[in-house]
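In case you want the letters, here they are:
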Amino acid sequence: MESKQQKVEEFLEKDRLASLGGGQARIDKQHESGKMTARERINTLLDPNTFVEIDKFIVHNCSNFGMDTKRFDGDGIVSGYGKIDGRLVFVYAYDFTICGGSLSRTNANKIVKVQKMALKMGAPIIAINDSGGARIQEGISSLAGYGDIFYQNTISSGVIPQISVIMGPCAGGACYSPALTDYIFMVKEKSHMFVTGPDVVKTVTNEVVDKEGLGGASVHAAKSGVAHFVGETEEDTLMMVRELLSFLPSNNIEDAPFIPTQDNPTRNNEKLDELIPEEPSKPYDMKQLIEEIVDDRNFFEVHAAFAQNIIVGFARLDGRTVGIVADQPAYQAGVLDIDASDKAARFIRFCDCFNIPIITLEDVPGFLPGCTQEHNGIIRHGAKIVYAYVEASVPKITVITRKAYGGAYIVMSSKHTGADINFAYPSAEIAVMGAEGAVNILYRNLTDDEKKKTVAEYEKTFSNPYRAAELGYVDEIIMPSQTRMKLIQALDMAQNKVRSTPAKKHGNIPL
Ligand code: HXC
């Protein structure tokens, strides 16, 4: 019979081997390719010494195609829980050193187990992906595993924040778990996502493209909008995940953490009195405005490279998290198009799921005209912003800094779509359309001189905030320098907001 000492030694040796995943040679290979191992990533992400690993000794039970000789403890997933800034999170990471991190039936069960725990405990879950996809030797069992993960992603959506970090390959159906989560992080030149890889693309469409060009971080951050954040390195990316979580509550029944600030809530923003140019068609950078008003100039931008005509991201006002949605006059005049609509609508819905008030900063000339936009469904996509704003029951505060024209006026959190407080600067222009366009439609046959006069008259009548204020569509006209203070006052007023809507299973957002 084994002595107690032998049993301890046996355990320690088993544990040491399990910690090596697919073995030292494969760990070395992972390092040589410039990547951390799954456990290194988790330990970098979490507060020091807080990771508790579960299911470390799980092994698969497949014996097809020689798999009985390829059994490693843990089976390609490292999972468990730990802390970020002292708050509980659940985490799982694909271990590329074991069968290329491919998904087996067994390690899918491991993933589903932590997904269910995260949901039950009301804590965020972070998935770190680095995988060759379905474990080919297991066939349909592996596909079933993906299905179970997608199911749990969907059930958890809107209850706990779900974050995906792509740190290697993520191909085929494996892309759909990240796609079902709230935020996707990628690492520059190290991570790739595609439904079908370059070889299949070549066979089917004859396009020649490499992995980076097809589904690298910059493609997904700027073109497809699949990725919300891109880190320079793995460490940098994991630090961004920590920062994102600092803005979020752990679940849908909590509020985001309060982070005390030395930044005075009544601080004047004198710079803003000069920011909006005299000339209405001249651009200015809305990010300067955002940074000027938020606590400690700290704005955590989401989707920074995608649809830059609209800006979304998190900040704090007097210690409390807000979601900011802002038109960007410095990029395509801040016009609303399909991508901007999708970007804003998804962000608004995320904020609403997690009790984060929404601040809208508006300077928008309208929706982008043209066949490309119409044929690709700007009507369908633009409707998402309206839907998202109306549906959002969190406090909603709007500031019209300059242009608020036409349909874009209505959709950008106007009084009519349920905003709680609407401010306008004296420079605001709230009208159906710009004066020249209006006169060209109404008085087509006037001489140039007559047109000039009529444009001036139209501008005098509508290119200001007073008509809207007379009708109560703007609650208050404020000086730009008062913006921070006014927003904080409004948020304070609206913090216990209750709104009732008819009971329903769920609405039918135009997708
Ligand atoms: C089983 C796999 C695997 C997989 C990789 N491996 N992918 N084992 N199933 N899907 C194994 C390799 O055999 C190898 O084992 C080890 O992992 C490392 O792989 P390498 O190819 O040596 O690494 P690298 O050169 O870095 O290339 C990584 C890779 C490549 C780009 C991911 O392995 C690859 O293309 N794999 C297949 C990807 C794929 O087509 N997956 C789709 C599966 S179908 P040894 O023992 O030799 O070290 C799918 C559908 C899901 O995912 C649908 C869900 C709804």
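Residues numbered from 1 in each chain as written. Predicted model: local features only at pLDDT ≥ 70, side-chain atom pairs only at ≥ 80, totals over all residues. Heavy atoms only, no water.

Student: Could you give an account of the overall build of the chain, naming the residues involved and the relevant values?
Tutor: Along its length, the chain carries 20 helices and 17 strands. Its C-alpha radius of gyration of 26 Å places the chain within 12% of the 24 Å reference for a compact globule of 511 residues. Here the C-alpha coordinates of the chain stretch approximately 100 × 55 × 45 Å along the principal axes. Within the chain, the proportion of its 511 residues that are buried is 51%. (Helix = DSSP H or I, 4+ residues; strand = E, 2+ residues; numbered from the N terminus. Rg over C-alpha atoms; globule rule 2.2 N^0.38 Å. Buried < 20%, exposed > 50% of the residue type's maximum accessible area, 1.4 Å probe, protein only.)

Student: Give a detailed account of the side chain of Asn-464, specifying residues and quantitative values.
Tutor: Position of Asn-464 relative to the elements: it lies in the loop between α18 (448-462) and α19 (466-470). A relative accessible area of 13% places Asn-464 in the buried class. With residues near it in sequence (within four places) discarded, Asn-464 still touches Ala-428, Glu-429, Ile-430 and Glu-459. (Contact = heavy atoms within 4.5 Å.)

Student: Residue-level account of the site of the ligand, with values.
Tutor: The immediate surroundings of the ligand are formed by 18 residues, with Arg-26, Gly-100, Gly-132, Ala-134 and Ile-136 found nearest. One of the side-chain N or O atoms of Arg-26 is found 2.7 Å from an oxygen atom in the ligand. Interatomic distance of 3.3 Å between a side-chain N/O atom of Lys-70 and an oxygen atom of the ligand. Contact with the protein chains hides 55% of the accessible area of the ligand, taken as 1000 Å² for the molecule alone. In terms of residue count, the dominant contributor to the shell around the ligand is helix α5 (residues 140-156) (three residues). When the residues that make up the shell around the ligand are grouped by side-chain class, the tally is eight nonpolar, six polar and four charged. (Near = heavy atom within 4 Å. Polar contact = N/O pair within 3.5 Å; in protein donor to acceptor, adjacent residues only side chain to side chain. Areas by Shrake-Rupley, 256 points an atom, 1.4 Å probe, with all protein chains shown as cover. Nonpolar A, V, L, I, M, F, W, Y, C, P; charged D, E, K, R; others polar.)

Student: Now, about the sheet that holds strand β9 (residues 229-231): what can you tell me, with residues and values included?
Tutor: As summarised here, the arrangement of the seven strands in space is β1-β2-β3-β4-β5-β7-β9, forming an open sheet in which the pairing is mixed. Edge positions in the sheet fall to β1 (52-54) and β9, since each has one partner strand and no second. Taken over all neighbouring pairs, the strand axes of this sheet differ in orientation by 20 degrees on average, direction set aside. (Pairing = 2+ DSSP bridges. Axes fitted to C-alpha atoms, helices over the stretch in contact; angles between N-to-C directions.)

Student: I'd like to hear about helix α4 (residues 105-121), residue by residue, with values.
Tutor: Its 17 residues place the ends of α4 24 Å apart at the C-alpha level, agreeing with the 24 Å of an ideal helix rising 1.5 Å per residue. Restricting attention to buried positions, one finds in α4 the residues Thr-106, Asn-107, Ala-108, Lys-110, Ile-111, Val-112, Val-114, Gln-115 and Ala-118. Summarising the contacts, the buried residues of α4 are in contact with β1, β2 (77-84), β3 (87-94), β4 (125-129) and α5. Just downstream of α4 lies Gly-122, where phi reads positive at about 65 degrees. (Expected span 1.5 Å × (residues − 1).)

Student: With reference to specific residues and values, describe the pattern of salt bridges.
Tutor: For the coordinates displayed, the defined rule picks out 27 salt bridges. For Glu-234, the salt bridge identified is with Arg-41, shortest N-O distance 2.9 Å. A residue pair is termed long-range when its members are at least 10 positions apart, and Glu-234 in helix α10 (residues 234-246) and Arg-41 in helix α3 (residues 38-45) qualify at 193 residues. A salt bridge links Arg-484 to Asp-263; the nearest nitrogen and oxygen atoms lie 3.8 Å apart. Here Arg-484 is found in helix α20 (residues 483-494), whereas its partner Asp-263 is found in the loop between α10 and α11 (270-275), with 221 residues between them in sequence. A single salt-bridge network, built from bridges that share partners, covers Asp-263, Arg-267, Lys-271, Glu-291, Glu-292, Asp-295, Arg-297 and Arg-484. (Salt bridge = Lys/Arg side-chain N within 4 Å of Asp/Glu carboxyl O.)

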